[in-house]
Amino acid sequence: MTQNRQSRRGVVYVAWGRDHVDVARRSAASVKRSNPGLGTAIWCKPGDDVSGFDQALYIPEGLKRPKVNVLGESPFEETLFLDNDTLVRADLSSLFDLLDKYEMCGAQVILWHRPRHLKKIALDLPETFPEINTGVLLYRKTPAVLDFFRDWAETFAVSGMGIDQPSFREVLWRSEVKFYVFPPQFNKRVFEASELLWSDAPKPRILHLELLRPQKNALLRWLSDRIR
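Bear in mind that the values here come from a model prediction, so they are computed numbers and not experimental data.

The rules behind these values
- Residue indices follow the written sequence of each chain, beginning from 1 at its first position.
- Totals for whole chains, interfaces and linings use all residues, but because this is a predicted model, local features are given only for residues with pLDDT of at least 70 and pairs of side-chain atoms are given and counted only at 80 or more.
- Each side-chain value is worked out from all heavy atoms of the structure, with water and hydrogens disregarded.
- By nonpolar core is meant a set of buried Ala, Val, Leu, Ile, Met, Phe, Trp, Tyr and Cys residues that side-chain atoms within 4.5 Å join together.
- Note on exposure labels: buried denotes an accessible area under 20% of the residue type's maximum, exposed denotes more than 50%, and partly exposed covers the range between, all computed with a 1.4 Å probe on protein chains only.
- Helix numbering and strand numbering both begin at the N terminus, where a helix is a DSSP run of H or I of at least 4 residues and a strand a DSSP run of E of at least 2.
- One less than the number of residues in a helix, times 1.5 Å, gives the span that helix is expected to have.
- Two residues qualify as a contact provided that any one of their heavy atoms is within 4.5 Å of a heavy atom in the partner residue.
- Two strands are counted as paired when DSSP detects at least two bridges linking them.
- Working convention: axes come from line fits to C-alpha atoms, limited for helices to the stretch in contact. Angles between N-to-C directions cover 0 to 180 degrees.
- For this document, the term salt bridge refers to a Lys or Arg side-chain nitrogen within 4 Å of an Asp or Glu carboxyl oxygen.
- The charge count includes Lys and Arg as positive and Asp and Glu as negative, but it does not include His or the ends of the chains.
- Polar contact criterion, stated in full: a pair of N or O atoms within 3.5 Å, where within protein one must be able to donate a hydrogen and the other to accept it, and residues adjacent in sequence count only if both atoms are side-chain atoms.

1. Comments concerning the nonpolar core
- Core analysis: the biggest nonpolar cluster contains 26 residues, and Tyr13, Leu80, Leu82 and Leu92 have the highest contact counts within it.
- Elements with a contribution of two residues or more to this core: strand S1 (9-14), helix H2 (18-34), strand S2 (39-44), strand S4 (78-82), helix H4 (93-96), strand S6 (104-108) and strand S7 (132-140).
- Among the elements that take part in this core, H2 stands out by supplying 4 residues, more than any other.
- Counting residues in each nonpolar core, the second largest holds 25 residues, with Val12, Leu71, Trp152 and Val171 among its members.

This is the structure in structure tokens:
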């Protein structure tokens, strides 16, 4: 891969408040350890400490769920959006290579059968078209993708919901975006007990765990800090 190709690829975060920026900074450091050629950018509020990121962008006032509105404004041509409660554990070149063929990629929610992942806004969708977990999204800026983000922001706003995955699901269903579902190891949300003992499955490349969120409890904070 040429240096020019690498400079067009980057990872973005959206964080509001010091604790969330700190968690995002930890994630960005994990990106740099295994992917030193990737740029990092964060949307945050003015005055936040943005050390550890290559670029800082500021969240406009009045947004209910900022990531829905700002992802189309990524400073990179090829972007990996990560929730702040993530850690990258491997080279991501092969993930970005999906954008040579597809315009947007994500992982399906693991527990797609649960009622919380089957919420309807306007469309009756088959359960075999599950929600995409929007905490790890890969995309390149094409006209179809930018239209998708505009539609997502509008659909989310009229949904009245505080969660964004139902609106993403419905917009994806009616969208013309070339979308691909990548392996769950690139958005590892759930561990089965057997995996903690032995498993022949591929090792997680991106961890996305609630334990990596800001923790007020000292024990949970200690456990979170042990994750690498």
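2. Focus on the environment of Thr128
- Looking at where Thr128 falls in the secondary structure, it is placed in the loop between S6 and S7.
- The sequence separation of Thr128 and Trp112 amounts to 16 residues, and the corresponding C-alpha distance is 8.8 Å.

3. Considerations on H2
- Taking 1.5 Å per residue as the helical rise, H2 with its 17 residues ought to reach 24 Å, and the 25 Å between its terminal C-alpha atoms agrees with that figure.
- For H2, the set of buried residues is Val21, Val23, Ala24, Arg25, Ser27, Ala28, Ser30 and Val31.
- Tucked into the core, H2 has its buried residues touching S1, S2, S4 and strand S5 (86-88).

4. Focus: the sheet that holds strand S3 (residues 55-58)
- Spatially, 7 strands are ordered S3-S2-S1-S4-S7-S6-S8 in an open sheet, and the strand pairing comes out mixed. In this open sheet, the two edge strands, each paired with only one partner strand, are S3 and strand S8 (179-181). Each strand of the sheet is rotated relative to its neighbour by a mean of 25 degrees, with strand direction disregarded.
- Pairing of S4 with S7, which is carried by 5 bridges, proceeds in the antiparallel orientation. From the neighbouring strand, Phe81 faces S7, where its bridge partner is Leu137.
- Strands in contact with H2 are S1, S2 and S4; relative to S2, the strand with the most contacts, it is inclined by about 170 degrees.
- Set on the sheet, helix H6 (residues 165-174) makes contact with S6, S7 and S8; between it and S7 the angle comes to about 50 degrees.

5. Looking at the pattern of salt bridges
- Counted by the stated rule, this structure contains 13 salt bridges.
- Where Asp85 meets Arg213, a salt bridge forms, and the shortest distance between an N and an O atom there is 3.1 Å. With a gap of 128 residues between them, Asp85 in the loop between S4 and S5 and Arg213 in the loop between strand S9 (206-208) and helix H8 (218-226) connect regions that are remote in the sequence.
- What makes Asp85 buried here is its relative accessible area of 6%.
- You can call Arg213 partly exposed: its relative accessible area is 39%.
- Salt-bridge contacts for Lys120 lead to Asp124; the nearest nitrogen and oxygen are separated by 2.9 Å.
- Each of Arg65, Lys67, Asp83 and Asp164 takes part in a single network of salt bridges with overlapping partners.

6. Digging into the side chain of Glu131
- Within the secondary structure layout, Glu131 lies in the loop between S6 and S7.
- Although Glu131 lies buried, it forms no salt bridge, and the closest oppositely charged side chain, Arg169, sits 5.7 Å away as judged by the N-O distance.
- Separated by 3.0 Å, the side chains of Glu131 and Gln165 make a polar contact.
- When neighbours within four sequence positions are excluded, Glu131 is seen to be in contact with Ala107, Gln108, Val109, Arg116, His117, Leu118, Gln165, Pro166 and Arg169.

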